[in-house]
Structure formats: C-alpha cells, structure tokens
Amino acid sequence: MPQRFAALALLIGLPFPVELVAGQIPAPGAAASLTATARAVVTPPVIDGRLTDSAWLEATPVTGFVQRELHEGAPVTERTEVRIVTDGQALYVGAWLYDGDPAGIVAGEQVRDGDIAKSDYFGILLDTFHDRQNGFVFTTTPAGIEYDALVVNEGEGGGIQLPGQARAMAGSLGGFNLNWDGTWTVATSVDSRGWYAEFRIPFTTLRHGAGERQTWGLNLVRSIRRKNEEAFWSFIPRQFSLMKVSRAGTLEGVQVPSRRVWTVTPYGLTGVERNYAIAAEARRRGEIGGEVKYGVTPGLTLDLTYNTDFAQVEVDEQRTNLTRFPLFFPEKRPFFLENAGIFSAGTPQAVDLFFTRRIGIDTLGQPVPILGGGRLTGRVGDLTVGALQIFTERSSGVQAAMAYSVVRLGRQLAARSRIGVIAVQRMATAQTGDWNRVYGLDGRIGIRDAWTIDWWGAASTRPGPDGNARAYSARLGYETGAWSNVARIIQVGSDFNPEVGFLNRGGGYRYYEAGLMWKQRFPGIPLLKQWIPHVNYRGYYGLDGYWQEGRIHLDLTEVELANGGRFGPEVNVEHQGLQQPFAIASTVTLPVGSYDYTSLGWDLTTNPSAPLSLDLRADVGGFYNGRRRGGSVTLAARHASSLTTSLRVEYNDVRLDQGNFVRSLIATRIAYFFTPRVLCQALVQYSNQAQTWTANARFGWLSTAGNGLFIVFNEGREADGFFQWNRPQARSLIVKYTRQFGRSG
C-alpha cells in the first residue's frame, strides 16, 4: 500500500459533520448562570457522614441535577441535595443522596483511588483559579473511599493507544492525574432513605489565587450504578465527563486563609533483600529520608525530597509483547505523579518529551538510588510553571551519577486554548560530554466544544553532530454526542532522541492516523446504551517512504449495554515491513520482507459492578506469514466492599513458516480491605516470555494523603510454569513508615 493511502485515510477520517452540532441536546441553562454559595459558619460540622450538625441547617441546598447518562438531559431519578459551608480554614460539602431502593446501592471496593465506575459515587470538581481548564477532583462512594485527582487542560491528553498497551480512554492520557493524593477527610453513612457523604477539604490542600474572598468554578456529580446513571449539577453532554471544567458552574463566597501550607513527611525503612544474580547473601537495609512541602505563594508550591524511596509502590503488571517495539508502562511512584500533568508534553505513549520513568531506573530496568531534588509547580500570574531537579547515584557498570532538569511554562488562552514550552536535560555529574537535551513548543486551539487542534514541535541535542533531530505533530479532533473523529500526523527525525522521554519506536518515521466513530443511541431499548461502529487507520512510514507498518481496524457491530457491558467482533487488516530480521521468539526469526494479513477479533465485557464479571478478548487469523490463535480473559469476583479477586490469563498460539511458539501469561490478584485505610493486597504473575514467576504482597495502614505503615514482600523466580518454580532471582521484605507533620489542613 503506497504512502498515498495514508493521505486518503486522513480524508476518510475527516467527515466532521458540523450540521450535527445543532442537533445536540442543549444544556438546561448556561453553566455560567448556575451559582452556589459557600455559607460561612463559626462552628464547622463534625465529619461523621451523618449530616446532623447545625452548620448544615441554614445552608441553601444545591439541587437540579441533570443526567449525562443514561438519558441525556433528563432530571436525576433520585432526590439529590448538596450543601456547602466554610469556616475560613476548609470547605465542607454535605451530600444527601436519597435512594428509593437502598438495597440496590452499590458500595464498591474500599481501596483509595479505586475504580468508582463499578459503584455509586458522589464527586466534586473545584476550579480554584477559575480558569475553566484545570481543577481538583474529590470523590467518594458509599464505602467511604478517598478518590482524588488533578485535572489539567480538561483532561485532554490526546494520547495514542497502541496494540499490546493497556486500554485507556481517548484523550485522558496526560491530562488526568489520579495518583495525586491530597490531605482531606470524608465520611459516609447508609440508611433506609439512601446514603450520605460529608467532606472536609482544607484550603491548604488546594492551590488558588490571591485574595481572601474568591469565586471558583464548581461542579458536582452523582452516579447511581444499578441504573448506569450519572447526573451533574452543571449539565455535561454525554461526550464529556466531570473533567469538562469549562462547563462548570460558579461557587461564590469562598473565604480562604492567608496562611500557607507547609508539611514535613519523613520516612523510616528497614528490611532485608537479595539479588541472587549479583549477591552471595542477603543485604540488610536501614534508611531514612522524606519530603518537605512549602507554599511559596497560595498558588505556587515547592517540594523537596531526600533519599527518595518507593518501596511501597505496587510492581508493574507483566504483559505479552508480540511486537518489535517496547511497551509503555505508566509511572506509579508518588513523588513523580504529583502535578505530573504540568510537565506533560508531546503525544503520550508515542512521543513523550518528558517521561519520569527514565529517572531512577537504569537501562536494565533496575532501580537507581535517588539522592534527592526539588520541584516547583503552580501558577504565577497567568503562567502555569513547573521546574524539576533530581540527582541520582551511580549504578555500577550501567549508568553514571546523573542530574535531571526540567523547566515547563504554559499560558492558558481563551476558548480551551493554551501554549507552552518545555526544556529537558540529562547530564552526568562526574564527567563532561555526557548529556542530552530536548526543547519543545506545544499548544492547543479549542473551537467551541467540538473541535480541538493539538500541536507540538521539538528538537533534541547531544555532544557531536545532531543530524535530523527534530520532531513534530498535529492532531485534529472532533467530539460530539454522536461523533468521535480524529486525524493526526507525527514526524520523528532519524536522530531525534529524548533520553528522558519515551519513543514507541526509533530510527525516524512518519505516522498517519485517521479515525471515524459514530455513536447511535436507542432510547426505546432498555438493555442497550449505544451502538458505536467505527473505523480507524494507522500507518508508519520511514523517512525514505518505506511502509513500516499499517493497520485498518474495522468494527461495525460494537455495542455498549446499559449495565456497563460491551461486546462486538472486529476485523483488522495489517501490514508489517521488516527491514531487518525480527527475532519474535528465541527459536523463531522472521526474515526481511513485507507481510500482509487479516485477523478477526472479539471483545466481551460483562457488568463490571456485578459480584462476578468477565472481560474477554479473542483473536484468530493471519500473523506475518502464518497464523495466531489466542487472546486474554479476566475473571473478577467481589464480596461486598471487603474482598476483591481477579484472575487474568493470556494465551497466544503462534504458527509461522520459521517455527511455532506459545506465549502465556497468568496473573492473579487478591485484596482484602478491613477499612478504606487498612488493606492487604497480593499480585502473583507468571510469564513464559520472560520465564519468570513474581509475587508482590503489601499490607498498608494508611493515614493522611496515603502515608502510613507499609509492609511489602517481593519474590522473583525463574519458572517454567505458574507452579513450576526454578532458582530464585530476587527476594525482599521491607517495612516502611511515613508520617506527615505540619500545616496541611
């Protein structure tokens, strides 16, 4: 298929039907006309989830919630009232979530930042700078969990989901930071009339502008899971979510204190560990370190870290890789996740100009001790600013001691638009001539709600000639209740090398993408939510025009059910162009050449909030010069809010002219939650591709902002099967305690 096919595909993906915009269900009243007031009180309510305090009695209730799902524009089906008060130190939100069928309330699991889509929930969006693009999210469920996040640029990351990568919502990558953990309190209760939620959000947890009396953006959301219903105070069309900050209403009467946040969070760690490949015996660990947070201004925060440790972080999930390119694994380490959206630049999962997993992890994937560093983030006038400096120790025989520096500046413009610059540097601290730098310019143009243009350009430099070390991208998106369309082009120079970023492939290429999705509702069929036929083309071409890879994805039968399930078959027409042999398995190497094949796929997901749920993916058909049969299945079980388990099995039987092989992966999880803050979790995995069996078990007794006591055990073994273990590779037992002191609320 010539490169002209890519241009044709772009045109196919561009039937952005402007005339349909007029047919959207209008918001019942402009968002700007919805106003709530935070009533000042002298005696604040006690956070017990019962909402019986006198502070609530004279506050004006916020009502009038309107459905986004399942019946867009209709009133919420269950009585919902919210009251907001403040004592000048914190914002208090009380929610009366009445329910005519209290037995049908789905409490969900009790883990912090858990999957709230599987349960009833109530959430708050606070746009504290009232810039209509960024905000804080605080959410809870009947189980009383703490679910908090940062929204940057309305959550529109514009990332790419590649084959073999975890499924992610379109546009969510880079703009929604669920792993931010703030200091706040919530309590819930349930009775025969429904359930209730009571929040205390300290002003010192938030970042906001100057002035003691302020006006913020506000939205409130309630989900009734058994009805698959989601309703908002300030109406959100179905193609958007709570992250649509520009659709928020207004909160007046916010009286913030003049004092600034400062906290000290030290940790102490002890344990024993052994890497069997390099150590003859176990090594004892005893370390101290921690972090300091200081509010330079109400909108600007300085974070300092010393001897940074992430022993409590859950290990990565193993994956099967049948491609010749690296897989993307998300960042999980807390220090790097806070305010991460400020530093996001490029195209997530394809060309990230800055990717924090390049810091503190060497080229062999082993952790490198982080000596310390600092981060400055927030707002200065109309500018969003971010600066990061981190120092790491030497990794013997692999990596020298390094210094990493990042500077990011952004300016919000009108109508969902922005512009920003970024500079990233990696430099060896003990020697000259070992450095890498990347400079980038990016922006977004928003045209009403439907149209979005994302663009960026960047260049890398290093000692010696740079060659073609430039890259750029442009993306056009169109999103309405009935259409979700995209067209994109990326070009990466052959010498472009963001060493503190992520490239899904090197060597230089041009990438073309065009996608067309139609979302058709059937209000007369209660079991059916929508039919979403879609077609997508993605193609990679070398800078010399060589067709490296192409994929046409055709799915005309995908259906979403009213209970959250999904099913549908698909057809994938693929091309692979190999310019050098590809060792797809230890005993199988594909020769240079072009390969064209077609495969069939099938997706099935049952109601994810049910006590027992299934997620199935099946693939069968051509694969290079042979065939592949297989897929994956995940079976999940839940008992009330306390116990959750899952079993994931991946299996691929590949038969090629050069030989046959099987790829299998097994992963099992179990978690028990004594309370939302006391939990036990375990993840056990086996991959025959890596020939390893790993186990990670964690006990957590959490306190403020995810700190507390952690006991973590890790085991890794060479293995020939899930129950066929060979010699050990690594083992560790770590006990870590963190505690926050200071003025955080």
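That block above? That's the structure.
Visitor: In this structure, what is going on with the overall build of the chain? I would like to understand it.
Guide: Along the backbone of the chain there are two helices and 47 strands. Seen through its C-alpha atoms, the chain measures out along the principal axes to roughly 75 × 65 × 50 Å. When each of the 745 residues of the chain is scored for burial, the buried share is 55%. By element, 58% of the accessible surface of the chain is carried by carbon and sulfur atoms, the whole surface being about 31,200 Å². Once the 74 positive and 69 negative side-chain charges of the chain are each reduced to a mean point, those two points are 2 Å apart.

Visitor: Would you mind showing me how to read unusual backbone geometry here?
Guide: For the peptide bond that leads from Glu69 to Leu70, omega is 5 degrees, which places it in the cis range. A positive phi angle, near 55 degrees, is found at Arg448, a position not held by glycine. In this structure, Arg448 sits in the loop between β24 (435-447) and β25 (451-461). Non-glycine residue Gln691 carries a positive phi angle of around 55 degrees. Examined against the element boundaries, Gln691 turns out to sit in the loop between β43 (678-687) and β44 (692-702).

Visitor: Please clarify how the sheet that holds strand β19 (residues 351-352) should be interpreted in this entry.
Guide: Strand pairing in a sheet relies on backbone hydrogen bonds, with the paired strands running either antiparallel or parallel. Taken together, the three strands give an open sheet; going across it, the order is β18-β19-β28, and neighbouring strands pair in antiparallel fashion. The sheet is open, and its two edges are formed by β18 (346-347) and β28 (502-503), each paired on a single side.

Visitor: Please explain the pattern of salt bridges as it appears in this structure.
Guide: Should the charged atoms of two oppositely charged side chains come close, the side chains can pair. Throughout the structure, instances matching the rule amount to 57 salt bridges. For the salt bridge of Arg426 with Glu499, the shortest nitrogen-to-oxygen distance reads 2.7 Å. A residue pair is termed long-range when its members are at least 10 positions apart, and Arg426 in strand β23 (residues 417-428) and Glu499 in the loop between β27 (483-492) and β28 qualify at 73 residues. Taking relative accessible area as the criterion, Glu499 reaches 29% and is therefore assigned partly exposed. The partner of Arg617 in a salt bridge is Asp603, and the shortest N-O contact between them spans 2.9 Å. Linking Arg617 in strand β39 (residues 612-623) with Asp603 in strand β38 (residues 593-605), this pair joins segments that are 14 residues apart in sequence. Note on accessibility: Arg617 and Asp603 belong to one class, buried. Where salt bridges share partners, they join Glu69, Arg521, Lys529, Glu558, Glu560 and Arg566 into one cluster.

Visitor: Would you take a moment to explain the sheet that holds strand β10 (residues 185-191) for this structure?
Guide: Spatially, β2-β4-β5-β11-β10 is the arrangement adopted by the five strands of the open sheet, whose pairing is mixed. Edge positions in the sheet fall to β2 (39-40) and β10, since each has one partner strand and no second.

Visitor: So what exactly am I meant to see when it comes to the nonpolar core here?
Guide: Buried together is how nonpolar side chains tend to be arranged in soluble globular proteins. Counting 36 residues, the largest nonpolar core has Phe122, Leu126 and Phe199 as the members making the most contacts within it. If you list the elements that add at least two residues to this core, you get β4 (80-86), β5 (90-98), β6 (121-127), β7 (135-140), β11 (194-202), β12 (213-224) and β14 (249-255). In contact with Leu126, other than residues within four places in its own chain, are Leu91, Asn134, Gly135, Phe136, Phe138, Ile201, Leu206, Trp216, Gly217, Leu218 and Leu251.

Visitor: What exactly am I supposed to notice about empty space enclosed by the protein here?
Guide: In this approach a probe as big as a water molecule rolls over the atoms, and the regions it shows empty are the leftover space. For the coordinates displayed, the defined rule picks out four cavities of 30 Å³ or more. Considered as a void within the structure, the second largest cavity measures approximately 100 Å³ in volume. Together, 13 residues line the second largest cavity, and His208, Arg259, Arg260, Val261 and Pro298 are the ones closest to its centre. For the lining of the second largest cavity, a count of residues per class yields five nonpolar, five polar and three charged.

Visitor: Would you explain the environment of Gly286 in this entry?
Guide: Looking at the secondary structure, you find Gly286 in strand β16 (residues 283-297). Look at Gly286 and you get exposed, because its relative accessible area is 63%. Remark: the alpha-carbon pair of Gly286 and Val735, spanning 449 residues in sequence, is separated by 9.7 Å. Setting aside anything within four residues of it in sequence, one finds Gly286 in contact with Leu269 and Thr270.

Visitor: How should the side chain of Ser417 be read in this particular structure?
Guide: Along the chain, Ser417 falls in strand β23. Polar contacts involving the side chain of Ser417 include one to the main-chain amide nitrogen of Gly446, which spans 3.0 Å. Setting aside residues up to four positions removed in sequence, Ser417 forms contacts with Gln133, Arg411, Gln412, Arg444, Ile445 and Gly446.

Visitor: Honestly, the side chain of Arg319 in this entry has me stumped. Any pointers?
Guide: Tracing the backbone through its elements, the reader meets Arg319 in the loop between β17 (300-308) and α2 (334-337). Looking at Arg319, its side chain comes within polar contact range of the main-chain oxygen of Phe328, at 2.8 Å.

Visitor: Which parts of the structure should I look at to understand the environment of Tyr98?
Guide: You can see Tyr98 is positioned in strand β5. A sequence separation of 97 residues divides Tyr98 from Trp195, and the C-alpha atoms of the two residues are 6.2 Å apart. Discounting chain neighbours no more than four positions away, the residues touching Tyr98 are Glu78, Arg79, Arg193, Gly194, Trp195, Tyr196 and Arg222.

Visitor: Would you mind showing me how to read the pairing of β17 here?
Guide: Look at any regular strand and the pattern is simple: side chains alternate between the two faces of the sheet. Alignment of β16 against β17, held across seven bridges, turns out to be antiparallel. Across the sheet, Gly295 pairs through a bridge with Thr301, a residue of β17. Where β16 folds back onto β17 in an antiparallel hairpin, the turn is made up of two residues. When β17 meets strand β20 (residues 370-380), the two strands line up antiparallel, connected through eight bridges. Within β20, the residue paired with Asp303 across the bridge is Arg375.

Visitor: Help me out: how do you make sense of the environment of Ile390 in this one?
Guide: Tracing the chain through its elements places Ile390 in strand β21 (residues 383-392). Taking the relative accessible area as the measure of exposure, Ile390 reaches 0% and is therefore buried. When the C-alpha positions of Ile390 and Ala403 are compared, they lie 5.8 Å apart, and in sequence the two are 13 residues distant.

Visitor: Before we go on, may I ask you to explain the packing of aromatic side chains in this structure?
Guide: Ring pairs (aromatic) are described by centroid distance and by the angle formed between their planes. The full count for this structure, using the stated rule, is 30 aromatic pairs. The interplanar angle of 90 degrees and the centroid separation of 6.1 Å between the aromatic rings of Trp56 and Trp96 together place this pair among those described as edge-to-face. One end of the pair, Trp56, is in the loop between β2 and β3 (66-69); the other, Trp96, is in strand β5, with 40 residues separating them in the sequence. Taking relative accessible area as the criterion, Trp56 reaches 1% and is therefore assigned buried. Given the relative accessible area of 10%, Trp96 is considered buried. Each ring, one from Phe310 and one from Phe336, has its centre 6.0 Å from the other, and the planes form 40 degrees; the classification is tilted.

Here is what the cut-offs are and how they apply
Residues numbered from 1 in each chain as written. Predicted model: local features only at pLDDT ≥ 70, side-chain atom pairs only at ≥ 80, totals over all residues. Heavy atoms only, no water. Helix = DSSP H or I, 4+ residues; strand = E, 2+ residues; numbered from the N terminus. Buried < 20%, exposed > 50% of the residue type's maximum accessible area, 1.4 Å probe, protein only. Areas by Shrake-Rupley, 256 points an atom, 1.4 Å probe, with all protein chains shown as cover. Lys, Arg positive; Asp, Glu negative; His and termini not counted. Charge placed at Lys NZ, Arg CZ, Asp CG, Glu CD. Pairing = 2+ DSSP bridges. Salt bridge = Lys/Arg side-chain N within 4 Å of Asp/Glu carboxyl O. Core = buried A, V, L, I, M, F, W, Y, C linked by side-chain atoms within 4.5 Å. Contact = heavy atoms within 4.5 Å. 1 Å grid on protein atoms, 1.4 Å probe; cavity = no way out; pocket = protein on both sides within 12 Å on 5 of 7 lines; lining within 4 Å. Points joined across faces, edges and corners; volume = space filled by probe spheres on them. Nonpolar A, V, L, I, M, F, W, Y, C, P; charged D, E, K, R; others polar. Polar contact = N/O pair within 3.5 Å; in protein donor to acceptor, adjacent residues only side chain to side chain. Phe/Tyr/Trp six-rings, centres within 6.5 Å; stacked < 30°, edge-to-face > 60°.

Everything listed here is a matter of geometry and, on its own, says nothing about what the molecule does.
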